[in-house]
Amino acid sequence: MTVEDAFSPLAQRVPLATTVNGRPVTLAVPARLTLADLLRDELHLTGTHLGCEHGVCGACTVLVDGRSVRSCLLFAVQVEGRSVVTVEGLQDHPTTGRIKCAMARHHGLQCGFCTPGMLVTATELIDRHPPEKPLDEACVRETMSGNICRCTGYQGIVRAVLEAAADPATGTTHEG
Amino acid sequence: MKPAPFAYLRARSVAEALEMLGASAHRDADAHTKVLAGGQSLLTLMNLRLARPDQLVDIGGLMELSRTFEDTDSVVLGALVRHRTLETDPKLGKRLPLVAAAAGQIGHVAIRNRGTLGGSLSHADPAAELPLAMLVHEAVIHVESATSGRRTIRAEDFVESIFTTTMQADELLTWVTVPSARPGQGWGFVEFAPRIGDYAQAGAACLVTVAPDGSVAAIRAGLLAAADRPLVVSEPGDEVSGIPTHETWERLAAHWTRNLEPLTDDPDHTRHLCRAALSQALADAYRRARTDQEEAA
Ligand SMILES: Cc1cc2nc3c(=O)[nH]c(=O)nc-3n(C[C@H](O)[C@H](O)[C@H](O)COP(=O)(O)OP(=O)(O)OC[C@H]3O[C@@H](n4cnc5c(N)ncnc54)[C@H](O)[C@@H]3O)c2cc1C
Ligand code: FES
Ligand code: FES
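Residues numbered from 1 in each chain as written. Chains lettered and ligands numbered in written order. Predicted model: local features only at pLDDT ≥ 70, side-chain atom pairs only at ≥ 80, totals over all residues. Heavy atoms only, no water.

Under an unreviewed UniProt entry, the name given to chain B is Carbon monoxide dehydrogenase, and the source organism is Intrasporangium chromatireducens Q5-1.

Looking at an unreviewed UniProt entry, one finds chain A named (2Fe-2S)-binding protein and attributed to Intrasporangium chromatireducens Q5-1. Recorded in UniProt under Pathway (unreviewed entry), the annotation for chain A is "Alkaloid degradation; nicotine degradation." (UniProt positions renumbered as here; feature names shortened; annotations may be inferred.)

Q: Explain the overall build of chain B to me, and be specific about the residues and the numbers.
A: Broken down by element type, chain B carries 11 helices and 14 strands. A compact globule built from 297 residues should have a C-alpha radius of gyration of about 19 Å, and chain B, at 20 Å, falls within 12% of that. When the backbone C-alpha atoms are referred to their principal axes, chain B occupies close to 60 × 45 × 35 Å. In chain B, which comprises 297 residues, the proportion classed as buried is 56%. Expressed as a percentage of contacts within chain B between residues at least 6 apart in sequence, the contacts between residues at least 24 apart total 64%. Within the structure as shown, chain B displays about 13,100 Å² of accessible surface, and the carbon and sulfur contribution to it stands at 50%. Across chain B, 29 positive and 38 negative side-chain charges occur, with their mean positions spaced 5 Å apart. (Helix = DSSP H or I, 4+ residues; strand = E, 2+ residues; numbered from the N terminus. Rg over C-alpha atoms; globule rule 2.2 N^0.38 Å. Buried < 20%, exposed > 50% of the residue type's maximum accessible area, 1.4 Å probe, protein only. Contact = heavy atoms within 4.5 Å. Areas by Shrake-Rupley, 256 points an atom, 1.4 Å probe, with all protein chains shown as cover. Lys, Arg positive; Asp, Glu negative; His and termini not counted. Charge placed at Lys NZ, Arg CZ, Asp CG, Glu CD.)

Q: An account of the sheet that holds strand β6 (residues 140-145) of chain B is requested, with residue identities and associated values reported.
A: Residues and elements named next belong to chain B. The strand order across the open sheet formed by 5 strands is β4-β5-β10-β6-β7, and the pairing between neighbours is antiparallel. The open sheet terminates on both sides in strands that have one partner only, identified here as β4 (68-70) and β7 (149-154). This sheet shows a mean twist of 20 degrees between the axes of neighbouring strands, independent of strand direction. Of the strand pairs in this sheet, β6 and β7 are connected by 6 bridges, and their pairing is antiparallel. Bridged to Ser-145 within β7 is Gly-149. (Pairing = 2+ DSSP bridges. Axes fitted to C-alpha atoms, helices over the stretch in contact; angles between N-to-C directions.)

Q: Summarise the site of ligand 1; cite the residues concerned and give the values.
A: Lining the immediate surroundings of ligand 1 are 34 residues, of which Val35(B), Gln40(B), Ser41(B), Thr116(B) and Glu129(B) lie closest. Surrounding ligand 1 are residues belonging to chains A and B, so the site spans chains. A distance of 3.5 Å is found between an oxygen atom of ligand 1 and a backbone nitrogen or oxygen belonging to Ser120(B). Expressed as a share of its isolated accessible area of 970 Å², the protein-covered part of ligand 1 is 95%. Per element, the largest residue contribution to the shell around ligand 1 is 5 residues, and it comes from helix α7 (residues 117-123) of chain B. When its residues are assigned to classes, the shell around ligand 1 shows 15 nonpolar, 16 polar and 3 charged. (Near = heavy atom within 4 Å. Polar contact = N/O pair within 3.5 Å; in protein donor to acceptor, adjacent residues only side chain to side chain. Nonpolar A, V, L, I, M, F, W, Y, C, P; charged D, E, K, R; others polar.)

Q: Hey, could you go over helix α8 (residues 129-136) of chain B for me, with residue numbers and the actual values?
A: All names here are of chain B. Counting buried positions along α8 gives 8 out of 8 residues, so the element sits mostly inside the fold. Taken together, the buried positions of α8 are Glu-129, Leu-130, Pro-131, Leu-132, Ala-133, Met-134, Leu-135 and Val-136. Immediately beyond the C-terminal end of α8, within one or two residues, lies Glu-138, with a positive phi of roughly 55 degrees.

Q: Break down the domain arrangement of chain B for me, with residues and values.
A: Residues and elements named next belong to chain B. Domain assignment breaks chain B into domain 1 (7-58), domain 2 (67-179) and domain 3 (185-296). Between the C-alpha centres of domain 1 and domain 2 the distance comes to 19 Å. Across the contact, 13 residues belong to domain 1 and 16 residues belong to domain 2. In total, about 1,000 Å² of surface goes out of reach between domain 1 and domain 2, with carbon and sulfur atoms giving 75% of it. (Domains from an automatic or database assignment. Buried area = accessible area lost by both parts, 1.4 Å probe.)

Q: Explain the environment of Lys34(B) to me, using residue names and the numbers behind them.
A: Residues and elements named next belong to chain B. Locating Lys-34 in the fold gives a position in strand β2 (residues 33-36). A relative accessible area of 36% means that Lys-34 is categorised as partly exposed. Sequence separation between Lys-34 and Ala-15 is 19 residues; the distance between their C-alpha atoms is 16 Å. Leave out the neighbours within four places in its chain, and Lys-34 touches Leu-42, Pro-53, Gln-55, Leu-56 and Val-57.

Q: Explain the side chain of Ser145(B) to me, using residue names and the numbers behind them.
A: Among the secondary structure elements, Ser145(B) is positioned in strand β6. Reaching out from Ser145(B), the side chain makes a polar contact with the side chain of Ser148(B) at a distance of 2.9 Å.

Q: Before we move on, could you go through the domain arrangement of chain A and cite the residues and values that matter?
A: How large an interface is tends to be reported as the accessible area lost when its parts come together. Residue and element names in this part refer to chain A. Taken domain by domain, chain A holds domain 1 (3-86) and domain 2 (92-165). Of note, the centres of domain 1 and domain 2, computed from C-alpha atoms alone, are 24 Å apart. Opposite the 16 residues of domain 1 that make contact, domain 2 presents 11 residues. Interface of domain 1 and domain 2: buried area, both sides summed, is about 1,000 Å²; carbon and sulfur atoms make up 52% of it.

Q: Account for the nonpolar core, naming residues and giving values.
A: In this structure, Leu77(B), Leu86(B), Met134(B), Phe158(B), Leu173(B) and Val176(B) are the most contacted members of the largest nonpolar core, which totals 56 residues. Here this core gets 6 residues from one element, more than from any other, and that element is α8(B). Excluding its chain neighbours within four sequence positions, the residues that come into contact with Leu77(B) are Arg67(B), Thr68(B), Leu86(B), Leu92(B), Leu96(B), Leu117(B), Thr174(B), Trp175(B), Val176(B) and Val178(B). Leu38(A), Leu39(A), Phe75(A) and Leu36(B) belong to the second largest nonpolar core, which has 32 residues in total. (Core = buried A, V, L, I, M, F, W, Y, C linked by side-chain atoms within 4.5 Å.)

Structure follows, in structure tokens:
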């Protein structure tokens, strides 16, 4: 008996129960479906962008159990029982709100293709950074270097993240 | 691009994973079954269709392999310990500072949040940081199979060649025992990459043991990206007499990189980078050992 006899991989759909942006999601997915394609094509959460599909550009970054991951490098079946948060799910998150306002002020985006990934990466950076150690530019640059932007030249992005990290009060007075 | 179709099996225990790997090896020797851990190497290859496994055994949910144990002289790390944990866990960082530094150089945060120790060692990329760190630490790798049981492999004997280990197809890497840093031992890790997050073009890791009088008692040093596997380059015979200086490290680095045959387009350039990384790593390690001794005094 071959593997093909045992199960036809093309036909194999795997049951999946997970949480996306706080909502339970239950469906059957092809094993080879990536998390990015699940989010975009099945759940219509198109804020998660796909650039390279091999882990280098960061446009597809989402949070799984509160940690940033590349949704192009994860099969949907791997988030069974986990909690996925996309850029849409960060709509009301105060840190993300501050970053968005700061991005607008500092011209941190032009075409906006990279922006969802930037927001997710920067949100994790600020939220998980130990409060006793202020974020410096080197650390912001190093962390944000995993997200490629073809437009801005990064200066505005770095400035925006530093501002959002430094002053929790700024930005909340502006509308994201 | 998208990955080619495959059959998906989710393991709920190590025993089940071993059974799945064993059964598929037994059922069809030509069918290609792969373990799926963090997926940070496997999915890049599958998305580009450079890899087309017929079947994946997903071990990602095996919490037991995410654990770490601290022994008196060593730390035991589960195969699923993430790079980010090695990098940021304060307790592990204290026992294994070289490993923490090496892990921190891998890719980007989002890659380190997913990538696992077992995956990095099994993938056996000659430019990867953790296989080198394990080699310098003289770590012991534990593997297990349903048919042949458990065995241990020294890090030195684990990599056969580029992307190839001495594990069998039905074997699972389960644990890694890493001797922890000893008093008087300083660590150095230096790598050169074109950009942050890129694989290194050259890199060196070392542990330098310093006697209380400041003389060098022992050195273990290795290089990444210098061959088809991570290499130990220190030669125990090459003692350092007296208190080492900058020139000591330059001389040792030149001596230990003289015969390298890197598999790169420009071997001279790579040899030069290896030498520079090694000399800097040795100097860093010595300085750290001395600082620790002064603080302890
Ligand atoms: C953009 C990007 C940049 C990167 N940069 C670096 C870098 O600078 N340095 C670096 O070292 N790595 C880098 N990586 C790779 C990363 O470190 C991977 O996490 C690691 O190589 C593989 O770990 P994984 O858990 O993701 O393994 P997977 O991708 O799941 O598996 C890798 C291979 O190992 C096998 N395997 C996994 N676990 C086991 C096990 N327990 N037993 C037996 N076989 C197993 C799999 O079958 C597969 O063949 C990068 C990756 C990306 C996408
Ligand atoms: S699309 Fe996932 S990292 Fe580029
Ligand atoms: S704004 Fe266009 S890619 Fe960043």
